[in-house]
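# Structural overview
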Amino acid sequence: MENAPKKGEEIKISKEITDMFDRMVFALRAPNYFSGNEIAERVMLKEYDIILAEDASGRLPGLLMYKAMEKFYKENDTENKLGLFFLAGSKNANNKNEKKEKILDYLKNEISKHHNSDKRILLVSDVIMEGKSLIPLVESLKELNIQYDILTLGLG
């Protein structure tokens, strides 16, 4: 990629992204700003140990949320660790069951190594139009008795 930064080169982030990040950090530090927002309250209580984002469209929202939460976790506690994982799409899956099996394998083989069963997983997506792409993931999490919440930037 021509425009990709070289190793050690400073990465410039647009004002829009830094503004979004600042709002997220503010929201995490002051959950009363979002009175009644369960996710903000759970962040403040450090109930999450993993952020799981879709690998394509959820990458940027996942990274932003991770950076905001990681800063909060580090400033206030050294015991609670936060992990960030990306779930690759299953375009090549022939059907819903095959997709679910791939997701189950990923959850069992990768996520379970880092997840504390007393904690929750935060699923991050950019936009949920119909929610069909999340069904195999949600079914897999339920099958493994993993508690989760879904955070999205927008609904279609």
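By convention here, each chain's residues receive numbers from 1 onward along its written sequence. In view of the model being predicted, local features appear only for residues whose pLDDT reaches at least 70, and side-chain atom pairs are presented and counted only at 80 or more, with totals across whole chains, interfaces and linings using the full set of residues. Excluded from the side-chain calculation are hydrogens and water; included are all heavy atoms of the structure.

## A look at the pairing of strand E2 (residues 83-87)
Note the threshold: Buried means the residue's accessible area, taken with a 1.4 Å probe over protein chains only, is under 20% of the maximum for its type, while exposed means over 50%, and partly exposed covers the values in between. Helix numbering and strand numbering both begin at the N terminus, where a helix is a DSSP run of H or I of at least 4 residues and a strand a DSSP run of E of at least 2. A pair of strands is treated as paired once DSSP finds two or more bridges between them.
Judged by how many residues are buried, E2 sits mostly within the fold: four of five residues are covered. Bridge analysis of strand E1 (residues 48-54) against E2 gives five bridges, and the strand direction is parallel. When the bridges of E2 are listed, isoleucine 51 appears paired with leucine 84.

## Brief notes about the environment of leucine 87
The criterion, for reference: Contact criterion: two residues are considered in contact whenever any of their non-hydrogen atoms come within 4.5 Å of each other.
Mapped onto the fold, leucine 87 is located in strand E2. In this structure the C-alpha to C-alpha distance between leucine 87 and leucine 123, which are 36 residues apart in sequence, comes to 9.8 Å. With residues up to four places along the chain from it excluded, the contact list for leucine 87 reads Leu52, Ala53, Glu54, Asp55, Ile103, Tyr106 and Leu137.

## A short note on the packing of helix H4 (residues 96-114) against helix H5 (residues 135-143)
Here is the rule: The convention used is that axes are lines fitted to C-alpha atoms, helices contributing only their stretch in contact, and that angles between N-to-C directions extend from 0 to 180 degrees. Roughly parallel means an angle under 35 degrees; roughly antiparallel, over 145; roughly perpendicular, 65 to 115; everything else is oblique. When the near helix sits turned anticlockwise from the far one by under a right angle, the crossing is termed left-handed; a clockwise turn instead gives a right-handed crossing. We call Asp, Glu, Lys and Arg charged. Ala, Val, Leu, Ile, Met, Phe, Trp, Tyr, Cys and Pro are nonpolar, and the rest, Gly among them, are polar.
Where H4 meets H5, the closest approach of the two axes is 9 Å, and the angle between their N-to-C directions is 50 degrees. Comparing the axis directions of H4 and H5 gives the class oblique. The interaxial crossing formed by H4 with H5 has right-handed handedness. Of H5, the residues touching H4 (which contributes Lys96, Lys99, Lys100, Ile103, Leu104 and Leu107) are Ile135, Pro136, Leu137, Glu139, Ser140, Leu141 and Glu143. Residues belonging to the contact of H4 with H5 are distributed by class as follows: seven nonpolar, one polar and five charged.

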